[in-house]
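Residue-level structural notes
Residues per chain are reported as follows:
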Amino acid sequence: MSREYSGKRVVIYTSYLDSNLPRRLGRRISREEAVPNPRIEELYEAALELGLNPEIEKEARHPRTWFTHRGRIIVDKVASKQELLRLIASRVREKRKKRR
């Protein structure tokens with residue numbers, strides 16, 4: 001993470017929330033809380049609805065999955081990183097249920 005964000009912003013890669021990935025490849029929350037194949041746009045919309053002032057970096061790669069271009073978002077730090085991940089994942093799940 002860039003030092004300029006330290007303490008104020010949090011970097012969230014799509015792999016942090018992907019229920020199809022094992023923890024060794026970057027998933028940060030439990031499979032039950034995570035969502036399958038999250039898209040960067042979904043994370044952005046969820047963070048926007050939560051008022052987290054998100055920014056997208058589409059060309060960013062998670063170090064453990066450097067061979068994929070899945071991107072990341074950067075959001076305001078209003079809670080711990082774990083809490084933010086859970087909030088965003090639950091919002092993405094809710095939005096997916098509404099689309100069905």
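Residues numbered from 1 in each chain as written. Predicted model: local features only at pLDDT ≥ 70, side-chain atom pairs only at ≥ 80, totals over all residues. Heavy atoms only, no water.

Relative to the helices and strands, Glu33 is located in the loop between β1 (9-13) and α1 (40-49). If we ignore the near neighbours within four places in the chain, the residues touching Glu33 are Arg86, Ala89 and Arg93. Of the polar contacts made by the side chain of Glu33, one reaches the side chain of Arg86; its length is 3.0 Å. (Helix = DSSP H or I, 4+ residues; strand = E, 2+ residues; numbered from the N terminus. Contact = heavy atoms within 4.5 Å. Polar contact = N/O pair within 3.5 Å; in protein donor to acceptor, adjacent residues only side chain to side chain.)

One open sheet holds the 3 strands; their spatial order is β1-β3-β2, and the pairing between them is antiparallel. Each edge of the open sheet carries a strand with a single partner, namely β1 and β2 (55-57). Each strand of the sheet is rotated relative to its neighbour by a mean of 25 degrees, with strand direction disregarded. Where β2 and strand β3 (residues 72-76) come together, 3 bridges link them in antiparallel fashion. By the bridge assignment, Glu57 is partnered in β3 with Arg72. Docked against the sheet, α1 engages β2 and β3, running at close to 10 degrees with respect to β3. Packed on one face of the sheet, helix α2 (residues 81-99) meets β1 and β3 and runs near 50 degrees to β1. (Pairing = 2+ DSSP bridges. Axes fitted to C-alpha atoms, helices over the stretch in contact; angles between N-to-C directions.)

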